[in-house]
Amino acid sequence: MLTNDWGVDMDAFHPRLLADDFTGMFRFYAGVLDEIVGANLAKGGEGGPYANWDLKDDAVLSLYDRAAMAAAAGAPAPLPRPREQDVLALVLRVTDVDDAVRVCERHGGVLAAPARDRPEWGPTLRTAHLRDPDGNLVELQSY
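What you see is a predicted model, and the numbers here were worked out from it, not measured in a lab. (Residues numbered from 1 in each chain as written. Predicted model: local features only at pLDDT ≥ 70, side-chain atom pairs only at ≥ 80, totals over all residues. Heavy atoms only, no water.)

A. Geometry of the overall build of the chain. Within the chain one finds three helices and 10 strands. Ordered by position from the N terminus, the helices and strands of the chain form the series β-β-β-α-β-β-β-α-β-α-β-β-β. Looking at the chain as a whole, 34% of its 143 residues are labelled buried. In the chain, of all internal contacts separated by at least 6 residues, the share reaching a separation of at least 24 is 51%. Only carbon and sulfur atoms are counted for the fraction: they give 54% of the accessible area of the chain, which is about 8400 Å². (Helix = DSSP H or I, 4+ residues; strand = E, 2+ residues; numbered from the N terminus. Buried < 20%, exposed > 50% of the residue type's maximum accessible area, 1.4 Å probe, protein only. Contact = heavy atoms within 4.5 Å. Areas by Shrake-Rupley, 256 points an atom, 1.4 Å probe, with all protein chains shown as cover.)

What follows is the structure, encoded as structure tokens:
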């Protein structure tokens with residue numbers, strides 16, 4: 001947490017996902033971040049266009065409606081995103097990958113690669129990969 005020149009506390013860095021399906025994304029992350037990360041909704045709600053979750057006093061993730069972000073940034077209305085290749089992966093460290101997969105699926109996540117041990121990445125590393133409601137890649141990992 002940083003304090004700006006006006007004395008306001010601000011998070012130094014956190015990801016903001018731009019959502020095509022804000023309601024679906026909100027429902028997914030509201031359930032997943034609470035149950036497997038322990039983050040709490042700090043601002044916003046299902047109706048959008050913005051929401052963010054904090055863990056203690058630090059931001060973990062924010063969602064912003066993609067069309068609203070384009071308007072705020074003075075950009076043209078967004079075109080549909082190609083899904084051929086990922087440009088980011090949201091990585092969540094969890095206690096139990098298999099349990100976290102079930103939580104994600106219960107909240108609308110779609111399994112992309114099942115849970116497996118990855119000793120080539122780290123001696124005790126276990127991962128699974130899912131897609132959130134907008135198709136973004138989510139990696140669950142424990143080590």
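B. Representation of helix H3 (residues 97-106) within the structure. For H3, the full list of buried residues reads Val97, Ala100, Val101, Val103 and Cys104. Taken down its axis, H3 places every buried residue within 165° of arc, on the same side. On its buried side, H3 packs onto helix H1 (22-37), strand S8 (110-117), strand S9 (126-131) and strand S10 (137-142). The backbone nitrogen of aspartate 98 lies 3.0 Å from a side-chain oxygen of the residue at the head of H3, namely aspartate 96. Immediately downstream of H3, the backbone of glycine 108 shows phi near 105°, a positive value. (Arc of directions from axis to C-beta. Polar contact = N/O pair within 3.5 Å; in protein donor to acceptor, adjacent residues only side chain to side chain.)

C. Structural view of the nonpolar core. By size, the foremost hydrophobic cluster in this structure holds 27 residues, and its most contacted members are Tyr29, Ile36, Trp53, Leu63, Leu92 and Leu140. Elements with a minimum of two residues in this core: strand S3 (16-19), H1, strand S5 (50-55), strand S6 (58-65), strand S7 (89-93), H3, S9 and S10. Looking at this core, the element that brings in the most residues is H1, giving eight residues. Apart from the residues lying within four places of it in its own chain, the contact partners of tyrosine 29 are Leu17, Asp34, Trp53, Leu61, Leu63, Leu90, Asp132 and Val138. (Core = buried A, V, L, I, M, F, W, Y, C linked by side-chain atoms within 4.5 Å.)

D. A look at the side chain of histidine 129. Its location among the elements puts histidine 129 in strand S9. Leaving out residues up to four positions away in the same chain, histidine 129 has contacts with Leu111, Ala112, Ala113, Arg118, Trp121, Leu137, Val138 and Glu139.

E. View of unusual backbone geometry. With an omega dihedral of 5°, the bond running from glycine 48 to proline 49 counts as a cis peptide bond. One non-glycine residue, lysine 56, lies in the positive phi region at around 60°. One can find lysine 56 in the loop between S5 and S6.

F. Structural context of the sheet that holds S5. Spatially, S3-S6-S5-S4 is the arrangement adopted by the four strands of the open sheet, whose pairing is mixed. Both edges of this open sheet fall to S3 and strand S4 (40-44), since each of them pairs with a single strand only. Within the sheet, the average angular offset between the axes of one strand and its neighbour, ignoring direction, is 20°. When S5 meets S6, the two strands line up antiparallel, connected through six bridges. (Pairing = 2+ DSSP bridges. Axes fitted to C-alpha atoms, helices over the stretch in contact; angles between N-to-C directions.)

G. How the structure looks around the sheet that holds S10. On the basis of which strands lie adjacent, the open sheet formed by four strands has the order S7-S10-S9-S8 and mixed pairing. Of all the strands in the sheet, just S7 and S8 have a single pairing partner and so form its edges. The mean angle between the axes of side-by-side strands here comes to 15°, regardless of whether they run parallel or antiparallel. Bridging between S9 and S10 involves six bridges; their strand directions are antiparallel. Note on S10: the bridge partner recorded for threonine 127 is glutamine 141. Set on the sheet, H1 makes contact with S7 and S10; between it and S7 the angle comes to about 30°.

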